[in-house]
Amino acid sequence: MLKIKSNKILIDTMRIPKHIAIIMDGNGRWAKKNGMNRHQGHKEGVISVHEIIKAACEIGVKYLTIYAFSIENWNRPVEEVNILMNLITTIIKHEADELIKNNIRLQIIGDISRLSQTFQNNVNDCIKKTAKNNGLILLLALSYSSRWEIIEAVRHIVNDVKNNQLNVKDINENVFSSYLATKNIPDPDLLIRTGGECRISNYLLWQIAYTELYFSNVYWPEFGKENFYEAIYNFQRRERRFGKTSDQIQNKH
Ligand code: FPP
């Protein structure tokens with residue numbers, strides 16, 4: 001069995017979570033702690049994004065979903081919204097080549113119709129350029145919230161029922177999932193939230209029904225490869241029962 005040794009922990013490379021979702025929290029508090037403004041916190045947060053994407057590729061994670069901007073984040077002070085949008089635009093505009101080089105495919109989940117047309121063009125361009133990559137699938141949750149996504153799904157389902165494209169009796173969990181922004185993406189195995197808060201903040205509510213949750217006190221700009229490995233190590237020590245008993249999982253009965 002192949003193992004990755006990191007600090008004092010051994011990660012089993014045969015049991016890497018296939019899909020990891022992340023809530024990157026703590027940029028503002030990190031900045032305050034270091035006598036900086038929130039903008040600098042977000043800028044520093046981008047360095048962590050790079051490091052974690054790199055670590056995810058190295059270790060063989062297939063899907064990485066990161067919460068870059070929630071629908072509720074639109075309610076932040078306008079200067080901060082602009083700063084975040086400029087930061088995200090710059091990254092998307094300049095990182096396409098880097099994503100291609102690293103065989104990463106970009107996908108977006110969220111209501112990007114709220115973003116400027118130029119931004120949408122840049123995003124769509126990057127999605128197209130990376131569409132053939134078959135390494136890590138990087139899902140960027142941008143102007144995303146889970147309740148928005150669920151309402152959108154319901155709207156489309158109702159429409160399809162009205163147009164006789166879907167029969168009410170055929171609606172089941174799989175059909176419902178296929179109407180979500182994460183269509184064709186398996187549910188996350190592990191959700192990591194940094195920054196010390198223990199909440200979900202309207203993120204992937206449907207998809208995390210059986211996801212393992214990991215809360216770290218480390219602020220996102222300080223969250224590095226070792227912290228990421230620690231979360232995976234912790235995940236690998238858990239028994240996922242999906243409502244069954246432990247004996248059933250261990251094939252005893
Ligand atoms: C939460 O910290 C962080 C955000 C709302 C934004 C994070 C976005 C980035 C780091 C840019 C990433 C961009 C791409 C394209 C991947 P907070 O501001 O809520 O921190 P606080 O709780 O300490 O105030």
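Our structure's up above, just so we're on the same page.
These numbers come from a predicted model, not from an experiment.

Taken together, 18 residues surround the ligand, and among them M24, D25, R29, R38 and R76 come closest. Contacts to the ligand include D25, whose side-chain N or O atom sits 3.0 Å from an oxygen atom. Side-chain polar atom of R38 to an oxygen atom of the ligand: 2.8 Å apart, as the coordinates give it. Contact with the protein chains hides 91% of the accessible area of the ligand, taken as 630 Å² for the molecule alone. When atom positions are compared with the pocket grids, the ligand is found to occupy the largest pocket. Of all the secondary-structure elements, those providing two or more residues to the shell around the ligand are α1 (27-33), α2 (38-59), β4 (63-70) and α3 (78-101). If you tally residues by element for the shell around the ligand, the top one is α2, at four residues. When grouped by side-chain class, the residues that make up the shell around the ligand number eight nonpolar, six polar and four charged.

It is worth spelling out the layout of surface pockets at this point. Here the largest pocket defines a volume of roughly 1,000 Å³. M24, V49, Y67, A68 and W220 are the residues nearest the centre of the largest pocket, which is lined by 44 residues in total. For the lining of the largest pocket, the secondary-structure elements that each account for two or more residues are α1, α2, β4, α3 and β6 (137-144). With ten residues, α2 is the largest single contributor of residues to the lining of the largest pocket. For the lining of the largest pocket, a count of residues per class yields 22 nonpolar, ten polar and twelve charged. Counted as a void, the second largest pocket has a volume near 290 Å³. If you go around the second largest pocket, you meet 20 residues; those closest to its centre are E173, S177, D187, W206 and Q207. Of the residues belonging to the lining of the second largest pocket, the class tally is eight nonpolar, seven polar and five charged.

This brings us to the environment of I16. When you line up the elements, I16 lands in the loop between β2 (9-12) and β3 (19-23). In this structure, the C-alpha to C-alpha distance between I16 and G135, residues 119 residues apart in sequence, is 15 Å. Contacts of I16, omitting those with residues within four sequence positions, involve I11, I59, G60, V61, I232 and Q236.

Scanning the entire structure with this criterion turns up one cavity of 30 Å³ or more. The computed volume of the largest cavity comes to approximately 40 Å³. Considering the residues around the largest cavity, the lining is formed by H19, T65, T182, I185, P186, D187, P188, L204 and Q207.

Taking 1.5 Å of rise per residue, 22 residues should cover 32 Å, and α2 covers 31 Å from first to last C-alpha, within 8% of that figure. Those residues of α2 that sit buried are G41, H42, G45, V46, S48, V49, I52, I53, A55, A56 and I59. Downstream of α2 by a residue or two, G60 has a phi angle that is positive, lying close to 90 degrees.

Calculation rules
- Residues numbered from 1 in each chain as written.
- Predicted model: local features only at pLDDT ≥ 70, side-chain atom pairs only at ≥ 80, totals over all residues.
- Heavy atoms only, no water.
- Near = heavy atom within 4 Å.
- Polar contact = N/O pair within 3.5 Å; in protein donor to acceptor, adjacent residues only side chain to side chain.
- Areas by Shrake-Rupley, 256 points an atom, 1.4 Å probe, with all protein chains shown as cover.
- 1 Å grid on protein atoms, 1.4 Å probe; cavity = no way out; pocket = protein on both sides within 12 Å on 5 of 7 lines; lining within 4 Å.
- Sits in = over half its atoms within 2 Å of the grid points.
- Helix = DSSP H or I, 4+ residues; strand = E, 2+ residues; numbered from the N terminus.
- Nonpolar A, V, L, I, M, F, W, Y, C, P; charged D, E, K, R; others polar.
- Points joined across faces, edges and corners; volume = space filled by probe spheres on them.
- Contact = heavy atoms within 4.5 Å.
- Expected span 1.5 Å × (residues − 1).
- Buried < 20%, exposed > 50% of the residue type's maximum accessible area, 1.4 Å probe, protein only.

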